[in-house]
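# Examining the three-dimensional arrangement
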Amino acid sequence: MKVLMVCLGNICRSPLAEGILRDKCEKRGLNWQIDSAGTNGLHTGERPYPDSQVVAKLNGIDISKQRSRSLKAEDFDRFDLIVSMANDVSWQIQRISGNKFHADKHKLILNYSFPGSNLDVPDPWGRSISAFHEVYQLLDQACEALIEEHTSVKQP
Ligand code: 4NP
(Lines give C-alpha, C1' and ligand atoms only; values in the text may rest on other atoms or scores of the structure.)
Protein backbone atom coordinates (compact mmCIF):
# COMPACT_ATOMS: atom_id res chain seq x y z
CA MET A 1 0.00 0.00 0.00
CA LYS A 2 1.33 3.45 -0.95
CA VAL A 3 -0.16 6.30 1.07
CA LEU A 4 0.34 10.05 0.59
CA MET A 5 -0.69 12.41 3.41
CA VAL A 6 -1.56 15.92 2.19
CA CYS A 7 -2.08 19.31 3.89
CA LEU A 8 -1.54 22.92 2.78
CA GLY A 9 2.08 23.63 3.74
CA ASN A 10 3.41 20.11 4.39
CA ILE A 11 5.09 21.40 7.53
CA CYS A 12 2.52 20.90 10.35
CA ARG A 13 -0.22 18.28 9.87
CA SER A 14 0.82 15.95 7.04
CA PRO A 15 4.41 15.43 8.33
CA LEU A 16 2.89 14.30 11.64
CA ALA A 17 0.43 12.04 9.80
CA GLU A 18 3.30 10.56 7.74
CA GLY A 19 5.40 9.93 10.86
CA ILE A 20 2.54 8.42 12.86
CA LEU A 21 1.40 6.09 10.08
CA ARG A 22 4.97 4.98 9.31
CA ASP A 23 5.58 4.22 13.00
CA LYS A 24 2.37 2.18 13.26
CA CYS A 25 3.21 0.24 10.07
CA GLU A 26 6.73 -0.54 11.29
CA LYS A 27 5.37 -1.77 14.62
CA ARG A 28 2.88 -4.05 12.80
CA GLY A 29 5.39 -5.32 10.22
CA LEU A 30 3.39 -3.73 7.37
CA ASN A 31 5.55 -2.97 4.34
CA TRP A 32 3.70 0.19 3.30
CA GLN A 33 5.26 3.19 1.57
CA ILE A 34 4.28 6.50 3.16
CA ASP A 35 5.01 10.05 2.05
CA SER A 36 3.50 13.51 2.49
CA ALA A 37 3.06 16.65 0.38
CA GLY A 38 1.54 20.12 0.51
CA THR A 39 -0.75 22.00 -1.85
CA ASN A 40 0.63 25.54 -1.49
CA GLY A 41 4.33 25.01 -2.23
CA LEU A 42 5.27 27.85 0.16
CA HIS A 43 7.59 25.73 2.32
CA THR A 44 9.29 23.47 -0.23
CA GLY A 45 12.51 21.99 1.15
CA GLU A 46 11.76 23.01 4.77
CA ARG A 47 11.81 20.67 7.76
CA PRO A 48 8.56 20.10 9.66
CA TYR A 49 7.48 23.03 11.84
CA PRO A 50 9.35 22.93 15.20
CA ASP A 51 6.20 22.30 17.29
CA SER A 52 5.27 19.33 15.07
CA GLN A 53 8.77 17.91 15.61
CA VAL A 54 8.51 18.44 19.40
CA VAL A 55 5.11 16.76 19.72
CA ALA A 56 6.23 13.85 17.52
CA LYS A 57 9.38 13.39 19.60
CA LEU A 58 7.40 13.43 22.87
CA ASN A 59 5.52 10.48 21.39
CA GLY A 60 8.71 8.67 20.36
CA ILE A 61 8.63 9.59 16.66
CA ASP A 62 11.41 11.38 14.76
CA ILE A 63 10.08 13.44 11.83
CA SER A 64 13.14 15.72 11.54
CA LYS A 65 14.39 14.15 8.32
CA GLN A 66 11.26 14.96 6.36
CA ARG A 67 11.31 17.85 3.86
CA SER A 68 8.31 19.71 2.50
CA ARG A 69 7.35 19.10 -1.12
CA SER A 70 4.49 20.09 -3.41
CA LEU A 71 1.70 17.76 -4.47
CA LYS A 72 1.86 16.86 -8.18
CA ALA A 73 -0.92 15.51 -10.41
CA GLU A 74 1.26 12.42 -11.03
CA ASP A 75 0.97 11.54 -7.32
CA PHE A 76 -2.43 10.05 -8.24
CA ASP A 77 -0.56 7.56 -10.48
CA ARG A 78 2.07 6.73 -7.85
CA PHE A 79 -0.07 6.29 -4.72
CA ASP A 80 -2.98 4.02 -3.80
CA LEU A 81 -4.38 6.49 -1.28
CA ILE A 82 -4.22 10.31 -1.24
CA VAL A 83 -5.27 11.29 2.29
CA SER A 84 -6.35 14.89 2.87
CA MET A 85 -6.19 16.64 6.25
CA ALA A 86 -9.15 18.99 5.62
CA ASN A 87 -11.84 20.05 3.17
CA ASP A 88 -9.94 23.11 1.90
CA VAL A 89 -6.96 20.82 1.22
CA SER A 90 -9.26 18.49 -0.76
CA TRP A 91 -10.37 21.36 -3.02
CA GLN A 92 -6.71 22.16 -3.71
CA ILE A 93 -5.95 18.48 -4.35
CA GLN A 94 -8.70 18.41 -6.99
CA ARG A 95 -7.44 21.65 -8.57
CA ILE A 96 -3.81 20.46 -8.76
CA SER A 97 -4.53 16.95 -9.94
CA GLY A 98 -7.01 17.97 -12.68
CA ASN A 99 -7.95 15.00 -14.85
CA LYS A 100 -5.65 12.71 -12.82
CA PHE A 101 -7.98 13.11 -9.81
CA HIS A 102 -9.39 9.76 -8.77
CA ALA A 103 -12.23 9.96 -6.22
CA ASP A 104 -11.74 6.35 -5.08
CA LYS A 105 -8.15 7.12 -4.01
CA HIS A 106 -9.00 10.37 -2.22
CA LYS A 107 -9.92 10.19 1.50
CA LEU A 108 -10.51 12.80 4.19
CA ILE A 109 -8.45 11.52 7.12
CA LEU A 110 -10.98 12.08 9.94
CA ASN A 111 -13.56 10.03 8.03
CA TYR A 112 -11.52 6.99 9.12
CA SER A 113 -12.04 7.74 12.82
CA PHE A 114 -15.39 9.58 12.50
CA PRO A 115 -17.03 7.91 9.48
CA GLY A 116 -19.13 10.19 7.29
CA SER A 117 -18.38 13.27 9.40
CA ASN A 118 -16.28 15.18 6.80
CA LEU A 119 -14.42 16.87 9.70
CA ASP A 120 -11.18 18.88 9.29
CA VAL A 121 -7.97 18.39 11.25
CA PRO A 122 -7.68 21.99 12.55
CA ASP A 123 -4.69 23.87 11.11
CA PRO A 124 -2.31 24.40 14.08
CA TRP A 125 0.02 26.78 12.19
CA GLY A 126 0.55 29.92 14.29
CA ARG A 127 -1.26 28.44 17.29
CA SER A 128 0.07 27.24 20.65
CA ILE A 129 1.73 23.87 21.30
CA SER A 130 -1.56 22.55 22.73
CA ALA A 131 -3.06 22.79 19.21
CA PHE A 132 -0.26 20.50 17.98
CA HIS A 133 -0.98 18.01 20.77
CA GLU A 134 -4.65 18.02 19.75
CA VAL A 135 -3.67 17.41 16.11
CA TYR A 136 -1.40 14.55 17.18
CA GLN A 137 -4.23 12.80 19.06
CA LEU A 138 -6.66 13.19 16.14
CA LEU A 139 -4.09 11.83 13.67
CA ASP A 140 -3.05 8.96 15.94
CA GLN A 141 -6.68 7.80 16.23
CA ALA A 142 -7.32 8.25 12.48
CA CYS A 143 -4.15 6.38 11.44
CA GLU A 144 -5.14 3.48 13.68
CA ALA A 145 -8.55 3.34 11.97
CA LEU A 146 -6.94 3.71 8.52
CA ILE A 147 -4.76 0.65 9.10
CA GLU A 148 -7.71 -1.29 10.47
CA GLU A 149 -9.85 -0.44 7.42
CA HIS A 150 -7.17 -1.35 4.88
CA THR A 151 -5.95 -4.55 6.53
CA SER A 152 -9.17 -6.14 7.76
CA VAL A 153 -10.59 -8.95 5.65
CA LYS A 154 -14.01 -7.84 4.42
CA GLN A 155 -16.79 -10.44 4.73
CA PRO A 156 -18.76 -10.90 1.50
P1 4NP B 1 -0.04 22.68 7.41
O2 4NP B 1 -0.09 24.15 8.08
O3 4NP B 1 -0.94 22.76 6.17
O4 4NP B 1 -0.61 21.79 8.44
O5 4NP B 1 1.40 22.41 7.05
C6 4NP B 1 0.19 25.31 7.32
C7 4NP B 1 1.49 25.75 7.22
C8 4NP B 1 1.77 26.85 6.45
C9 4NP B 1 0.75 27.51 5.78
C10 4NP B 1 -0.56 27.07 5.88
C11 4NP B 1 -0.84 25.95 6.65
N12 4NP B 1 1.05 28.66 4.99
O13 4NP B 1 0.11 29.28 4.47
O14 4NP B 1 2.22 28.98 4.80
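Residues numbered from 1 in each chain as written. Predicted model: local features only at pLDDT ≥ 70, side-chain atom pairs only at ≥ 80, totals over all residues. Heavy atoms only, no water.

### Considerations on the packing of aromatic side chains
Under the criterion given, the structure shown has two aromatic pairs. Each ring, one from Tyr49 and one from Phe132, has its centre 5.6 Å from the other, and the planes form 10°; the classification is stacked. One end of the pair, Tyr49, is in the loop between strand 2 (33-38) and helix 2 (50-58); the other, Phe132, is in helix 6 (residues 129-151), and 83 residues separate them in sequence. For Tyr49, a relative accessible area of 27% corresponds to the partly exposed category. (Phe/Tyr/Trp six-rings, centres within 6.5 Å; stacked < 30°, edge-to-face > 60°. Helix = DSSP H or I, 4+ residues; strand = E, 2+ residues; numbered from the N terminus. Buried < 20%, exposed > 50% of the residue type's maximum accessible area, 1.4 Å probe, protein only.)

### Some details on the site of the ligand
Near the ligand you find Cys7, Leu8, Gly9, Asn10, Ile11, Cys12, Arg13, Asn40, Leu42, His43, Asp123 and Trp125, and these make up its full shell. Measuring from an oxygen atom of the ligand, one finds a side-chain N or O atom of Arg13 at 2.8 Å. Compared with its free state, where it exposes 350 Å², the ligand has 91% of that area covered by protein. Taken together, the residues of the shell around the ligand sort by class into six nonpolar, four polar and two charged. (Near = heavy atom within 4 Å. Polar contact = N/O pair within 3.5 Å; in protein donor to acceptor, adjacent residues only side chain to side chain. Areas by Shrake-Rupley, 256 points an atom, 1.4 Å probe, with all protein chains shown as cover. Nonpolar A, V, L, I, M, F, W, Y, C, P; charged D, E, K, R; others polar.)

### Concerning the pairing of strand 1 (residues 2-7)
Regular strands place side chains that alternate from one sheet face to the opposite one. Burial analysis of strand 1 places five of its six residues in the buried class, which makes it a mostly covered element. Of the pairings in the sheet, the one linking strand 1 to strand 2 comprises six bridges and is parallel in character. What sits directly across from Leu4, in strand 2, is Asp35. This β-α-β element, strand 1 to helix 1 (residues 13-28) to strand 2, shows right-handed connectivity. Judged from the four bridges that link them, strand 1 and strand 3 (residues 81-84) form a sheet pairing that is parallel. Directly across from Leu4, in strand 3, lies its bridge partner Ile82. (Pairing = 2+ DSSP bridges. Right-handed = clockwise from strand over helix to strand, strands pointing away.)

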